[in-house]
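# Residue-level structural notes
So you can see what is in the structure, the chains are spelled out below.
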Amino acid sequence: MRIGITGHRGLTADIEREVRQLLEEALRTEDPAELTGVSCVADGPDAWFAEAVLRHGGRIEVVIPADEYRAGLPEWHHPTYDQLLRSASEVHHTGMVESDEAAHMAGSEILVALSDQLLAVWDGLPARGYGGTADVVAYAQRFGVPVQVLWPHGAAR
């Protein structure tokens, strides 16, 4: 099973704890020998999911939206990003240079195309900018990729 991830960044510590638990639960029944997680490994749910897949014994593939993508991530996340990138069995690139909304959506489109299912850490609200979680969910639904929304009950961002 190839499972992709999309989700909101900048979540509170309380929501992070709940989301990490939801991600673990979503993977619990997956056969590690057949599990590949597909992620852009940004800070937040992307990285938490990739870490959970590796703990579960699966493989990860990383999608890099742009050459400048890492530079646009928080500096404190760089060691985690680098470690996950080193752990990837495959790395996919969009071919774009600037890490902007268009590149992020292009990366998400590749991610969805590589996935049998998409997990979405999503509050159900519209995207705050092009390429946000809502846009990725809508893209997956348009192309028939099943989406499982993971969001803690009563949480708000």
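Refer to the structure printed above.
The residue numbering used here restarts from 1 in each chain and proceeds along that chain's sequence as written. Predicted model: local features are reported for residues with pLDDT of at least 70 only, side-chain atom pairs are reported and counted for 80 or more only, and whole-chain, interface and lining totals are derived from all residues. Hydrogens are left out, water is left out, and the side-chain values use all remaining heavy atoms of the structure.

Each helix and strand in the protein chain was counted, giving 6 helices and 6 strands. Radius of gyration: over C-alpha atoms. The globule rule applied is 2.2 Å multiplied by the number of residues raised to the 0.38 power. A compact globule built from 157 residues would reach a C-alpha radius of gyration of about 15 Å, and the protein chain, at 14 Å, matches this within 12%. Relative accessibility under 20% of the residue-type maximum defines a buried residue, over 50% an exposed one, and the middle range a partly exposed one, all with a 1.4 Å probe and only protein chains included. Taking all 157 residues of the protein chain together, 47% fall into the buried category. Accessible areas in this description were obtained via Shrake-Rupley with a 1.4 Å probe; residue shielding takes into account the shown protein chains only. If you sum the accessible surface of the protein chain, you get close to 7600 Å²; carbon and sulfur atoms cover 50% of it. Positive and negative side-chain charges in the protein chain, numbering 12 and 24 respectively, have mean positions lying 4 Å apart. In this text, helices come from DSSP runs of H or I with a minimum length of four residues, and strands from runs of E with a minimum of two, each type numbered from the N-terminal end. We count Lys and Arg on the positive side and Asp and Glu on the negative side, and we leave His and both chain ends out. Where a charge lies is defined by one atom per residue type: Lys uses NZ, Arg uses CZ, Asp uses CG and Glu uses CD.

All right, on to the environment of aspartate 43 then. In this fold, aspartate 43 is placed in the loop between strand E2 (36-39) and helix H2 (45-56). Sequence separation of aspartate 43 and glycine 10 is 33 residues, and the distance between their C-alpha atoms is 8.1 Å. It only takes one pair of heavy atoms within 4.5 Å for two residues to be counted as in contact. Those residues in contact with aspartate 43 that lie beyond four places of it in its chain are Arg9, Leu73, Pro74, Trp76 and His77. At 2.7 Å, the side chain of aspartate 43 forms a polar contact with the side chain of arginine 9. Polar contact is defined as a pair of N or O atoms within 3.5 Å, subject to the rule that within protein one atom must be able to donate a hydrogen and the other to accept it, and that residues adjacent in sequence are counted only when both atoms are side-chain atoms.

Our next topic: the environment of glutamine 83. Mapped onto the fold, glutamine 83 is located in helix H4 (residues 78-87). Note: C-alpha distance between glutamine 83 and glycine 7 (76 residues apart in sequence) is 20 Å.

For the rest of this paragraph, the subject is the sheet that holds strand E4 (residues 90-93). Strand order in the open sheet formed by 6 strands is E4-E3-E2-E1-E5-E6, with parallel pairing between adjacent strands. Pairing within the sheet leaves two strands with one partner each, and these edge strands are E4 and strand E6 (147-149). Across the sheet, the axes of successive neighbouring strands diverge by a mean angle of 25°, strand direction being ignored. Pairing between strands is defined by DSSP: at least two bridges between the two strands are required. Summarising the sheet, strand E3 (residues 59-64) and E4 pair through 4 bridges and their orientation is parallel. Bridge pairing links valine 63 to histidine 92 in E4. For helices, the fitted line uses only the C-alpha atoms of the stretch in contact; every axis is such a line through C-alpha atoms, and the angle between N-to-C directions lies from 0 to 180 degrees. On the sheet, helix H1 (residues 13-27) packs against strand E1 (2-7), strand E5 (117-121) and E6 and is oriented at approximately 165° with respect to E5.

Glancing now at the pattern of salt bridges. Any Lys or Arg side-chain nitrogen found within 4 Å of a carboxyl oxygen on Asp or Glu counts as a salt bridge. In total, this model carries 8 salt bridges according to the counting rule given. For the salt bridge of glutamate 24 with arginine 55, the shortest nitrogen-to-oxygen distance reads 2.4 Å. One end of the pair, glutamate 24, is in helix H1; the other, arginine 55, is in helix H2, with 31 residues separating them in the sequence. Residue classification places arginine 55 among the exposed residues on the basis of a relative accessible area of 55%. With a closest N to O distance of 2.9 Å, arginine 157 and aspartate 123 form a salt bridge. Residue arginine 157 is located in the segment after E6, and its partner aspartate 123 is located in the loop between E5 and helix H6 (133-142); the two are separated by 34 residues in the primary sequence. By relative accessible area, aspartate 123 is classed as buried at 19%. Overlapping salt bridges bring together Glu16, Arg20 and Glu51 as one network.

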